[in-house]
Amino acid sequence: MLYFTNDYSEGAHEEVLKHLIETNMEQLSGYGTDRYTVYAVNTGLHFIWTGHSSQKDD
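Summarised in this report is the structure supplied together with it. Note that the coordinates shown come from a computational prediction; the quantities given were computed from them, not determined experimentally. (Residues numbered from 1 in each chain as written. Predicted model: local features only at pLDDT ≥ 70, side-chain atom pairs only at ≥ 80, totals over all residues. Heavy atoms only, no water.)

Let's shift gears to the overall build of the chain. Summing up its helical and strand segments, the chain has two helices and zero strands in all. For the chain, the proportion of its 58 residues judged to be buried stands at 7%. Summed over its atoms, the accessible surface of the chain is roughly 6000 Å², and 57% of this surface lies on carbon and sulfur atoms. (Helix = DSSP H or I, 4+ residues; strand = E, 2+ residues; numbered from the N terminus. Buried < 20%, exposed > 50% of the residue type's maximum accessible area, 1.4 Å probe, protein only. Areas by Shrake-Rupley, 256 points an atom, 1.4 Å probe, with all protein chains shown as cover.)

Further remarks concern helix α2 (residues 35-42). The N-cap residue of α2 is Asp34: its side-chain oxygen and the backbone nitrogen of Tyr36 are 3.1 Å apart. Following α2 by one or two positions, Gly44 adopts a phi angle in the positive range, close to 100 degrees. (Polar contact = N/O pair within 3.5 Å; in protein donor to acceptor, adjacent residues only side chain to side chain.)

Applying the stated rule across the entire model yields two salt bridges. With a shortest N-O distance of 3.6 Å, Glu15 and Lys18 are connected by a salt bridge. In this pair, Glu15 and Lys18 are both assigned in helix α1 (residues 14-23), three residues apart and thus about one turn of the helix distant. Glu15 gets classed as partly exposed once you look at its relative accessible area, which sits at 36%. Here Glu26 and Arg35 are joined by a salt bridge, their closest N and O atoms 3.1 Å apart. For Glu26, a relative accessible area of 29% puts it in the partly exposed group. (Salt bridge = Lys/Arg side-chain N within 4 Å of Asp/Glu carboxyl O.)

What follows is about a nonpolar patch on the surface. Residues Val41, Leu45, Phe47 and Trp49 make up a contiguous nonpolar surface patch of about 430 Å² in total accessible area. Within the fold, Leu45 resides in the segment after α2. (Patch = residues over 30% accessible without salt bridge, like charges linked within 9 Å, V, L, I, M, F, W, Y side chains within 5 Å.)

Okay, the side chain of Thr37 next. Residue placement: Thr37 occurs in helix α2. For Thr37, a relative accessible area of 13% corresponds to the buried category. Setting aside chain neighbours within four positions, we find Thr37 in contact with Gly32 and Phe47. (Contact = heavy atoms within 4.5 Å.)

The structure is reproduced here in structure tokens:
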């Protein structure tokens, strides 16, 4: 059986690591204004910036 404890106790997928290596030396603006975030938002992706915001209230 596979378990996912949390997002910081697991390794990254090899494709993610590959792209991190390819873009590691790029200097980009931060806080959602970089070209990757703008592209993602324009494709309909919605970011949840904190873990607590993603938790369902019971």
